[in-house]
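# Structural overview
Letter by letter, the chains look like this.
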Amino acid sequence: MIFTSCDDQSIEGPKSYSKQDHGESVFVSSSSALGQVFFSDPRFSSDGRVACSSCHRAEFAFADTTAISRGVWGRQGIRNTPTLVGLHDDILLMWDGGVTPLRHGSQGILAALTAHRDQDMNPIDLEKKLRHFINYKLILNRLYPRHSLAAGYLLSIREYVREVATISKTRDRSAKNSNGIKNNFQKNIINQGLVLFQGKAGCISCHHGPSLTDGRFYNLGLDSVDPGRAAITLLEEDRGRFRTPPLVFLKKTAPYFHNGSAQTLNNVLQHYINGAGEAGQISLNSTEQNALLAYLNSL
Ligand code: HEC
Ligand code: HEC
(Lines give C-alpha, C1' and ligand atoms only; values in the text may rest on other atoms or scores of the structure.)
(Ligands and ions follow the chains in the order given, each with its own letter.)
Protein backbone atom coordinates (compact mmCIF):
# COMPACT_ATOMS: atom_id res chain seq x y z
CA MET A 1 0.00 0.00 0.00
CA ILE A 2 1.15 3.54 -0.60
CA PHE A 3 0.59 6.35 1.87
CA THR A 4 0.81 9.52 -0.13
CA SER A 5 1.82 12.66 1.65
CA CYS A 6 1.13 16.29 0.89
CA ASP A 7 4.05 16.71 -1.50
CA ASP A 8 6.36 14.59 -3.55
CA GLN A 9 7.08 12.01 -0.91
CA SER A 10 5.27 8.82 -0.27
CA ILE A 11 5.71 6.06 2.23
CA GLU A 12 5.63 2.65 0.73
CA GLY A 13 4.09 0.36 3.28
CA PRO A 14 4.07 -3.39 3.59
CA LYS A 15 1.89 -5.18 1.11
CA SER A 16 -1.65 -5.69 2.20
CA TYR A 17 -2.97 -9.15 1.50
CA SER A 18 -6.42 -8.79 2.88
CA LYS A 19 -9.26 -6.49 3.63
CA GLN A 20 -9.08 -5.15 7.15
CA ASP A 21 -12.51 -6.34 8.11
CA HIS A 22 -11.69 -7.26 11.67
CA GLY A 23 -11.87 -10.98 11.44
CA GLU A 24 -15.37 -11.56 10.18
CA SER A 25 -14.39 -12.90 6.79
CA VAL A 26 -10.72 -12.15 6.90
CA PHE A 27 -8.44 -14.24 4.78
CA VAL A 28 -4.73 -13.84 5.13
CA SER A 29 -1.88 -16.04 4.15
CA SER A 30 1.10 -14.49 5.87
CA SER A 31 1.79 -13.69 9.48
CA SER A 32 2.66 -10.06 8.83
CA ALA A 33 -0.59 -9.53 6.93
CA LEU A 34 -2.44 -10.96 9.91
CA GLY A 35 -0.34 -8.73 12.18
CA GLN A 36 -1.44 -5.73 10.16
CA VAL A 37 -5.08 -6.61 10.78
CA PHE A 38 -4.50 -7.02 14.52
CA PHE A 39 -2.50 -3.77 14.58
CA SER A 40 -5.63 -1.82 13.80
CA ASP A 41 -8.22 -3.91 15.63
CA PRO A 42 -9.24 -2.07 18.83
CA ARG A 43 -11.15 -5.00 20.28
CA PHE A 44 -8.00 -6.34 21.89
CA SER A 45 -7.81 -3.58 24.47
CA SER A 46 -9.45 -3.38 27.89
CA ASP A 47 -12.00 -0.77 26.80
CA GLY A 48 -12.37 -2.11 23.25
CA ARG A 49 -11.46 1.25 21.75
CA VAL A 50 -7.69 1.44 21.41
CA ALA A 51 -5.57 -0.26 18.76
CA CYS A 52 -1.86 0.08 18.04
CA SER A 53 -2.88 2.22 15.08
CA SER A 54 -4.70 4.68 17.39
CA CYS A 55 -1.29 6.06 18.33
CA HIS A 56 1.06 4.64 15.69
CA ARG A 57 -0.78 6.20 12.76
CA ALA A 58 0.28 5.11 9.29
CA GLU A 59 -0.39 8.54 7.77
CA PHE A 60 2.07 10.09 10.23
CA ALA A 61 4.81 7.56 9.64
CA PHE A 62 3.45 5.44 12.53
CA ALA A 63 3.83 8.25 15.07
CA ASP A 64 1.11 10.46 16.61
CA THR A 65 0.45 14.17 16.25
CA THR A 66 -0.03 14.96 19.94
CA ALA A 67 2.77 15.38 22.48
CA ILE A 68 1.37 12.59 24.66
CA SER A 69 -1.21 10.12 23.31
CA ARG A 70 -4.15 8.84 25.25
CA GLY A 71 -4.68 5.10 25.75
CA VAL A 72 -7.58 3.07 27.14
CA TRP A 73 -10.20 4.91 29.20
CA GLY A 74 -8.63 8.14 28.02
CA ARG A 75 -5.55 7.60 30.19
CA GLN A 76 -2.71 9.93 29.39
CA GLY A 77 0.71 8.38 28.85
CA ILE A 78 4.01 9.91 29.86
CA ARG A 79 6.03 9.90 26.63
CA ASN A 80 5.68 10.89 23.02
CA THR A 81 4.61 8.12 20.62
CA PRO A 82 7.67 7.34 18.49
CA THR A 83 7.59 6.33 14.85
CA LEU A 84 7.96 2.60 14.21
CA VAL A 85 9.92 3.21 11.02
CA GLY A 86 13.69 2.77 11.18
CA LEU A 87 13.70 0.42 14.19
CA HIS A 88 16.32 -2.05 13.10
CA ASP A 89 16.22 -5.55 14.57
CA ASP A 90 18.95 -4.94 17.16
CA ILE A 91 17.92 -1.62 18.67
CA LEU A 92 16.73 -1.58 22.30
CA LEU A 93 13.08 -0.54 22.25
CA MET A 94 11.34 2.39 23.95
CA TRP A 95 12.78 5.79 24.82
CA ASP A 96 14.57 4.26 27.80
CA GLY A 97 15.64 1.07 26.01
CA GLY A 98 13.76 -1.00 28.60
CA VAL A 99 12.55 -3.61 26.12
CA THR A 100 14.63 -6.13 24.19
CA PRO A 101 15.01 -5.62 20.43
CA LEU A 102 12.55 -7.00 17.88
CA ARG A 103 15.06 -9.73 17.01
CA HIS A 104 14.45 -11.32 20.41
CA GLY A 105 10.78 -12.16 19.99
CA SER A 106 7.55 -10.49 20.86
CA GLN A 107 8.41 -8.90 24.20
CA GLY A 108 8.19 -5.40 22.74
CA ILE A 109 4.73 -6.09 21.39
CA LEU A 110 3.64 -7.60 24.70
CA ALA A 111 5.01 -4.55 26.52
CA ALA A 112 3.00 -2.28 24.25
CA LEU A 113 -0.15 -4.31 24.68
CA THR A 114 -0.02 -4.66 28.43
CA ALA A 115 1.09 -1.12 29.25
CA HIS A 116 -1.55 0.25 31.54
CA ARG A 117 -2.10 3.40 29.56
CA ASP A 118 -1.93 1.86 26.11
CA GLN A 119 -4.14 -1.16 25.67
CA ASP A 120 -4.04 -2.63 29.18
CA MET A 121 -4.49 -6.20 27.97
CA ASN A 122 -2.87 -9.20 29.66
CA PRO A 123 -2.04 -12.45 27.82
CA ILE A 124 -4.70 -14.46 29.69
CA ASP A 125 -7.55 -12.11 28.76
CA LEU A 126 -6.12 -11.91 25.26
CA GLU A 127 -6.19 -15.70 24.88
CA LYS A 128 -9.82 -15.77 26.10
CA LYS A 129 -10.83 -13.01 23.73
CA LEU A 130 -9.16 -14.59 20.73
CA ARG A 131 -11.08 -17.85 21.28
CA HIS A 132 -14.29 -15.99 20.51
CA PHE A 133 -13.17 -15.03 17.02
CA ILE A 134 -13.45 -18.20 15.02
CA ASN A 135 -11.69 -16.83 11.93
CA TYR A 136 -8.78 -15.43 13.87
CA LYS A 137 -8.55 -18.70 15.74
CA LEU A 138 -8.42 -20.72 12.53
CA ILE A 139 -5.80 -18.51 10.93
CA LEU A 140 -3.65 -18.38 14.07
CA ASN A 141 -3.81 -22.16 14.42
CA ARG A 142 -2.72 -22.54 10.82
CA LEU A 143 0.11 -20.00 10.98
CA TYR A 144 1.31 -20.82 14.49
CA PRO A 145 0.33 -24.46 15.12
CA ARG A 146 2.68 -24.83 18.10
CA HIS A 147 1.80 -21.60 19.88
CA SER A 148 -1.04 -20.37 22.04
CA LEU A 149 -3.44 -17.95 20.32
CA ALA A 150 -2.02 -15.05 22.33
CA ALA A 151 1.56 -15.93 21.36
CA GLY A 152 0.56 -16.18 17.69
CA TYR A 153 -1.18 -12.82 17.95
CA LEU A 154 1.95 -11.18 19.35
CA LEU A 155 4.29 -12.87 16.87
CA SER A 156 2.17 -11.83 13.90
CA ILE A 157 2.14 -8.21 15.07
CA ARG A 158 5.89 -8.42 15.50
CA GLU A 159 6.26 -9.51 11.88
CA TYR A 160 4.16 -6.55 10.77
CA VAL A 161 6.14 -4.12 12.95
CA ARG A 162 9.36 -5.50 11.45
CA GLU A 163 8.01 -4.79 7.99
CA VAL A 164 6.97 -1.28 9.00
CA ALA A 165 10.44 -0.76 10.44
CA THR A 166 11.98 -1.22 7.01
CA ILE A 167 9.66 1.11 5.12
CA SER A 168 11.75 3.42 3.03
CA LYS A 169 11.00 6.63 1.32
CA THR A 170 10.34 6.19 -2.33
CA ARG A 171 9.29 8.60 -4.95
CA ASP A 172 5.70 8.28 -5.90
CA ARG A 173 5.96 7.21 -9.49
CA SER A 174 2.54 8.47 -10.41
CA ALA A 175 2.25 11.31 -12.93
CA LYS A 176 0.65 13.80 -10.55
CA ASN A 177 3.82 13.69 -8.62
CA SER A 178 6.11 15.11 -11.25
CA ASN A 179 5.64 18.70 -10.09
CA GLY A 180 6.94 17.72 -6.66
CA ILE A 181 10.42 16.88 -7.87
CA LYS A 182 12.89 19.19 -6.22
CA ASN A 183 14.67 21.79 -8.32
CA ASN A 184 18.42 22.20 -8.29
CA PHE A 185 18.24 25.16 -5.93
CA GLN A 186 16.38 23.12 -3.29
CA LYS A 187 18.70 20.17 -3.83
CA ASN A 188 21.71 22.39 -3.22
CA ILE A 189 20.32 23.67 0.06
CA ILE A 190 19.53 20.15 1.24
CA ASN A 191 23.07 19.14 0.34
CA GLN A 192 24.51 22.01 2.34
CA GLY A 193 22.34 20.85 5.25
CA LEU A 194 23.74 17.34 4.93
CA VAL A 195 27.28 18.69 4.99
CA LEU A 196 26.49 20.64 8.18
CA PHE A 197 24.77 17.58 9.74
CA GLN A 198 27.90 15.53 9.15
CA GLY A 199 30.38 18.32 9.89
CA LYS A 200 30.08 21.58 11.76
CA ALA A 201 26.81 20.77 13.56
CA GLY A 202 28.13 17.37 14.72
CA CYS A 203 24.75 15.63 14.53
CA ILE A 204 26.29 12.55 12.93
CA SER A 205 28.12 11.57 16.11
CA CYS A 206 24.84 10.21 17.52
CA HIS A 207 22.57 10.16 14.47
CA HIS A 208 24.33 7.69 12.20
CA GLY A 209 23.60 4.35 10.54
CA PRO A 210 20.77 3.50 8.15
CA SER A 211 18.04 5.27 10.13
CA LEU A 212 20.37 7.82 11.76
CA THR A 213 20.44 6.45 15.29
CA ASP A 214 23.32 4.96 17.25
CA GLY A 215 20.84 3.29 19.63
CA ARG A 216 22.60 4.85 22.65
CA PHE A 217 21.34 7.07 25.47
CA TYR A 218 22.00 10.73 26.18
CA ASN A 219 20.65 13.47 28.37
CA LEU A 220 19.80 16.47 26.21
CA GLY A 221 18.71 18.50 29.23
CA LEU A 222 15.03 18.39 28.36
CA ASP A 223 13.18 17.13 31.35
CA SER A 224 13.80 16.58 35.03
CA VAL A 225 10.78 14.45 35.96
CA ASP A 226 11.21 11.41 33.73
CA PRO A 227 14.15 9.27 34.92
CA GLY A 228 14.63 7.90 31.39
CA ARG A 229 17.34 5.25 31.10
CA ALA A 230 17.94 5.34 34.87
CA ALA A 231 14.58 3.62 35.42
CA ILE A 232 16.09 0.57 33.71
CA THR A 233 19.74 0.61 34.80
CA LEU A 234 19.18 2.23 38.24
CA LEU A 235 22.36 4.20 37.61
CA GLU A 236 22.26 7.83 38.67
CA GLU A 237 24.38 8.86 35.66
CA ASP A 238 21.61 7.59 33.36
CA ARG A 239 19.02 9.94 34.83
CA GLY A 240 17.37 11.95 32.04
CA ARG A 241 19.04 9.93 29.29
CA PHE A 242 16.90 8.77 26.38
CA ARG A 243 17.64 6.70 23.30
CA THR A 244 18.69 8.57 20.18
CA PRO A 245 15.59 8.32 17.98
CA PRO A 246 15.75 7.34 14.30
CA LEU A 247 15.47 10.39 12.06
CA VAL A 248 12.95 9.27 9.45
CA PHE A 249 10.01 11.03 7.81
CA LEU A 250 10.58 13.90 10.24
CA LYS A 251 8.12 16.12 8.46
CA LYS A 252 5.34 13.79 9.56
CA THR A 253 6.36 12.88 13.09
CA ALA A 254 5.98 16.19 14.99
CA PRO A 255 5.98 16.88 17.88
CA TYR A 256 9.50 15.79 18.78
CA PHE A 257 11.59 14.55 21.73
CA HIS A 258 10.57 11.97 24.35
CA ASN A 259 8.13 14.40 25.94
CA GLY A 260 6.85 15.89 22.69
CA SER A 261 8.05 19.29 23.87
CA ALA A 262 9.32 20.52 20.48
CA GLN A 263 6.46 21.38 18.15
CA THR A 264 8.59 22.00 15.08
CA LEU A 265 11.98 21.02 13.71
CA ASN A 266 13.02 24.61 14.21
CA ASN A 267 12.23 24.21 17.95
CA VAL A 268 14.47 21.11 17.95
CA LEU A 269 17.27 23.01 16.26
CA GLN A 270 16.96 25.96 18.67
CA HIS A 271 17.35 23.50 21.55
CA TYR A 272 20.70 22.35 20.11
CA ILE A 273 21.70 25.98 19.54
CA ASN A 274 20.84 26.95 23.12
CA GLY A 275 22.81 24.01 24.48
CA ALA A 276 21.48 20.44 24.57
CA GLY A 277 23.16 18.76 27.55
CA GLU A 278 25.40 15.91 26.43
CA ALA A 279 24.96 16.93 22.80
CA GLY A 280 26.62 20.25 23.59
CA GLN A 281 25.92 23.60 22.03
CA ILE A 282 26.12 24.31 18.32
CA SER A 283 26.56 27.61 16.57
CA LEU A 284 25.05 28.18 13.13
CA ASN A 285 24.12 31.38 11.30
CA SER A 286 20.62 31.73 9.88
CA THR A 287 21.56 30.53 6.37
CA GLU A 288 23.14 27.43 7.88
CA GLN A 289 20.11 26.86 10.09
CA ASN A 290 17.82 27.00 7.06
CA ALA A 291 20.00 24.52 5.19
CA LEU A 292 20.04 22.09 8.11
CA LEU A 293 16.26 22.39 8.45
CA ALA A 294 15.84 21.73 4.72
CA TYR A 295 17.93 18.57 5.12
CA LEU A 296 15.90 17.40 8.16
CA ASN A 297 12.68 18.06 6.25
CA SER A 298 13.92 15.94 3.39
CA LEU A 299 14.48 12.84 5.53
C1 HEC B 1 -1.81 5.01 23.68
C2 HEC B 1 -0.85 5.09 22.59
C3 HEC B 1 -0.15 3.81 22.15
C4 HEC B 1 -0.70 2.62 21.77
C5 HEC B 1 -2.17 2.22 21.77
C6 HEC B 1 0.40 1.78 21.37
N7 HEC B 1 1.58 2.45 21.49
FE8 HEC B 1 3.41 1.75 20.98
N9 HEC B 1 4.26 3.33 21.87
C10 HEC B 1 3.58 4.39 22.44
C11 HEC B 1 4.51 5.20 23.21
C12 HEC B 1 4.16 6.46 24.00
C13 HEC B 1 5.77 4.57 23.10
C14 HEC B 1 7.06 4.99 23.81
C15 HEC B 1 6.97 4.42 25.21
C16 HEC B 1 8.21 4.61 26.03
O17 HEC B 1 9.28 4.86 25.50
O18 HEC B 1 8.11 4.47 27.26
C19 HEC B 1 5.57 3.41 22.23
C20 HEC B 1 6.60 2.57 21.83
C21 HEC B 1 6.43 1.49 20.98
C22 HEC B 1 7.50 0.71 20.42
C23 HEC B 1 8.99 0.97 20.58
C24 HEC B 1 9.40 2.07 19.61
C25 HEC B 1 10.82 2.52 19.79
O26 HEC B 1 11.20 3.54 19.17
O27 HEC B 1 11.58 1.89 20.52
C28 HEC B 1 6.93 -0.29 19.66
C29 HEC B 1 7.65 -1.36 18.86
C30 HEC B 1 5.50 -0.12 19.78
N31 HEC B 1 5.23 0.98 20.57
C32 HEC B 1 4.57 -0.92 19.18
C33 HEC B 1 3.22 -0.89 19.51
C34 HEC B 1 2.28 -1.94 19.18
C35 HEC B 1 2.60 -3.18 18.38
C36 HEC B 1 1.07 -1.56 19.70
C37 HEC B 1 -0.21 -2.38 19.72
C38 HEC B 1 -0.12 -3.70 20.35
C39 HEC B 1 1.26 -0.26 20.34
N40 HEC B 1 2.57 0.10 20.21
C41 HEC B 1 0.25 0.47 20.94
C42 HEC B 1 2.24 4.65 22.30
C43 HEC B 1 1.30 3.69 21.99
C1 HEC C 1 24.95 13.42 21.87
C2 HEC C 1 24.10 12.75 20.89
C3 HEC C 1 23.28 13.61 19.95
C4 HEC C 1 23.72 14.60 19.09
C5 HEC C 1 25.14 15.12 18.91
C6 HEC C 1 22.55 15.07 18.38
N7 HEC C 1 21.44 14.38 18.79
FE8 HEC C 1 19.56 14.64 18.09
N9 HEC C 1 18.86 13.43 19.56
C10 HEC C 1 19.65 12.74 20.46
C11 HEC C 1 18.79 12.18 21.50
C12 HEC C 1 19.25 11.34 22.68
C13 HEC C 1 17.48 12.59 21.20
C14 HEC C 1 16.24 12.32 22.05
C15 HEC C 1 16.31 13.23 23.27
C16 HEC C 1 15.08 13.22 24.14
O17 HEC C 1 13.96 13.15 23.62
O18 HEC C 1 15.25 13.33 25.38
C19 HEC C 1 17.55 13.35 19.95
C20 HEC C 1 16.45 13.86 19.28
C21 HEC C 1 16.52 14.50 18.05
C22 HEC C 1 15.40 14.88 17.23
C23 HEC C 1 13.93 14.59 17.56
C24 HEC C 1 13.47 13.33 16.85
C25 HEC C 1 12.17 12.78 17.34
O26 HEC C 1 11.63 11.88 16.66
O27 HEC C 1 11.64 13.18 18.39
C28 HEC C 1 15.87 15.50 16.12
C29 HEC C 1 15.07 16.04 14.96
C30 HEC C 1 17.31 15.54 16.26
N31 HEC C 1 17.67 14.92 17.43
C32 HEC C 1 18.16 16.13 15.35
C33 HEC C 1 19.52 16.40 15.64
C34 HEC C 1 20.33 17.35 14.91
C35 HEC C 1 19.85 18.17 13.73
C36 HEC C 1 21.55 17.34 15.51
C37 HEC C 1 22.74 18.20 15.17
C38 HEC C 1 22.52 19.62 15.33
C39 HEC C 1 21.50 16.38 16.60
N40 HEC C 1 20.24 15.85 16.66
C41 HEC C 1 22.57 16.07 17.43
C42 HEC C 1 21.01 12.61 20.43
C43 HEC C 1 21.85 13.49 19.76
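Residues numbered from 1 in each chain as written. Chains lettered and ligands numbered in written order. Predicted model: local features only at pLDDT ≥ 70, side-chain atom pairs only at ≥ 80, totals over all residues.

## Here's the deal with the overall build of the protein
When helices and strands are tallied, the protein shows 10 helices and five strands. The buried share of the protein, taken over its 299 residues, is 37%. Here the contacts in the protein between residues at least 6 apart in sequence split such that 59% fall between residues at least 24 apart. (Helix = DSSP H or I, 4+ residues; strand = E, 2+ residues; numbered from the N terminus. Buried ≥ 20, exposed ≤ 12 C-beta atoms within 10 Å, placed from the backbone. Contact = placed C-beta atoms within 7 Å.)

## A closer look at the site of ligand 2
What surrounds ligand 2 is a group of 26 residues, the closest being Cys203, Cys206, Tyr256, Phe257 and His258. At the level of secondary structure, the elements contributing two or more residues to the shell around ligand 2 comprise α9 (265–274) and α10 (286–298). A total of three residues in the shell around ligand 2 trace back to one element, the largest contributor, which is α9. Tallied by class, residues from the shell around ligand 2 come to 19 nonpolar, six polar and one charged. (Near = placed C-beta within 6 Å. Nonpolar A, V, L, I, M, F, W, Y, C, P; charged D, E, K, R; others polar.)

## Digging into the site of ligand 1
Taken together, 25 residues form the shell around ligand 1, and within it Cys52, Cys55, Gly71, Trp95 and Ala112 come nearest. Among the secondary structure elements, those contributing two or more residues to the shell around ligand 1 are α2 (52–55), α3 (107–114) and α6 (149–165). Looking at the shell around ligand 1, the element that brings in the most residues is α3, giving four residues. Looking at the shell around ligand 1 residue by residue, the class counts come to 14 nonpolar, eight polar and three charged.

## Quick look at α10
For α10, with 13 residues, the first-to-last C-alpha span of 18 Å sits near the 18 Å given by 1.5 Å per residue. Looking at α10, one finds that the buried residues are Ala291, Leu292, Ala294, Tyr295 and Leu296. Those residues of α10 hidden inside the fold are in contact with α7 (184–198) and α9. (Expected span 1.5 Å × (residues − 1).)

## With respect to the environment of Val164
You can see Val164 is positioned in helix α6. Sequence separation between Val164 and Thr83 is 81 residues; the distance between their C-alpha atoms is 9.6 Å.

## A look at the nonpolar core
Looking at soluble globular proteins, one finds that nonpolar side chains tend to be buried together. Grouped together as the largest cluster of nonpolar side chains are 56 residues, with contacts concentrated most on Val85, Tyr153, Ile157, Val161, Val164 and Leu292. Among the secondary structure elements, those contributing two or more residues to this core are α1 (31–39), α3, α4 (123–131), α5 (134–143), α6, α7, α9 and α10. Of all the elements, α6 adds the most residues to this core, at nine residues. Setting aside residues no more than four positions away along its own chain, Leu292 makes contact with Gly193, Leu196, Phe197, Ala201, Leu269 and Leu284. (Core = buried A, V, L, I, M, F, W, Y, C linked by C-beta atoms within 7 Å.)

## Quick word on the environment of Tyr256
Residue placement: Tyr256 occurs in the loop between β5 (242–243) and α9. A residue is classified by how many C-beta atoms lie within 10 Å of it, and Tyr256, with 22 of them, is buried. The contacts of Tyr256, once residues within four sequence positions are left out, are Ala262 and Val268.

## A short note on the packing of α1 against α6
Describing two packed helices takes the angle between their axes plus the distance from one axis to the other. Two elements in contact, α1 and α6, have axes whose closest approach is 7 Å; the angle formed by their N-to-C orientations is 95 degrees. Comparing their axes, α6 and α1 come out roughly perpendicular. The residues of α6 that touch α1, namely those facing Ser31, Ser32, Leu34, Gly35, Gln36, Phe38 and Phe39, are Tyr153, Leu155, Ser156, Ile157, Arg158, Glu159, Tyr160 and Glu163. Looking at the contact of α1 with α6 residue by residue, the class counts come to seven nonpolar, five polar and three charged. (Axes fitted to C-alpha atoms, helices over the stretch in contact; angles between N-to-C directions. Parallel < 35°, antiparallel > 145°, perpendicular 65-115°, else oblique.)

## Details of the packing of α7 against α10
As a packed pair, α7 and α10 sit with axes 7 Å apart at the nearest point and diverge in direction by 100 degrees. By the angle class used here, α7 and α10 are roughly perpendicular. Taken together, the residues of α10 that come into contact with α7 (itself represented by Ile189, Ile190, Gln192, Gly193, Leu194, Leu196 and Phe197) are Glu288, Ala291, Leu292, Ala294, Tyr295 and Ser298. Residues that form the contact of α7 with α10 fall into these classes: nine nonpolar, three polar and one charged.

## Section: α7
Under the 1.5 Å per step criterion, the end-to-end length of α7 is 21 Å for 15 residues, consistent within 8% with the ideal 21 Å. On the buried face of α7, the contacting elements are α10.

## Description of the environment of Thr213
Examined against the element boundaries, Thr213 turns out to sit in the loop between α7 and β4 (217–218). In sequence terms Thr213 and Leu247 are 34 residues apart; their C-alpha atoms lie 7.1 Å from each other.

## Some points on unusual backbone geometry
The phi angle of most residues is negative, glycine excepted, and most peptide bonds adopt the trans form. Residues Ala254 and Pro255 are joined by a peptide bond in cis, for which omega reads -5 degrees. On the secondary structure map, Pro255 appears in the loop between β5 and α9. Unlike most non-glycine residues, Phe62 shows phi in positive territory, near 65 degrees. Relative to the helices and strands, Phe62 resides in the loop between α2 and α3.

## As for the confidence of the model for the protein
Averaged over all residues, the pLDDT of the protein equals 85, while 86% of them reach at least 70. Across residues 171–179, confidence stays below pLDDT 50; counting only partners more than four residues off in sequence or on other chains, it has eight contacts. (pLDDT = per-residue confidence, 0-100.)

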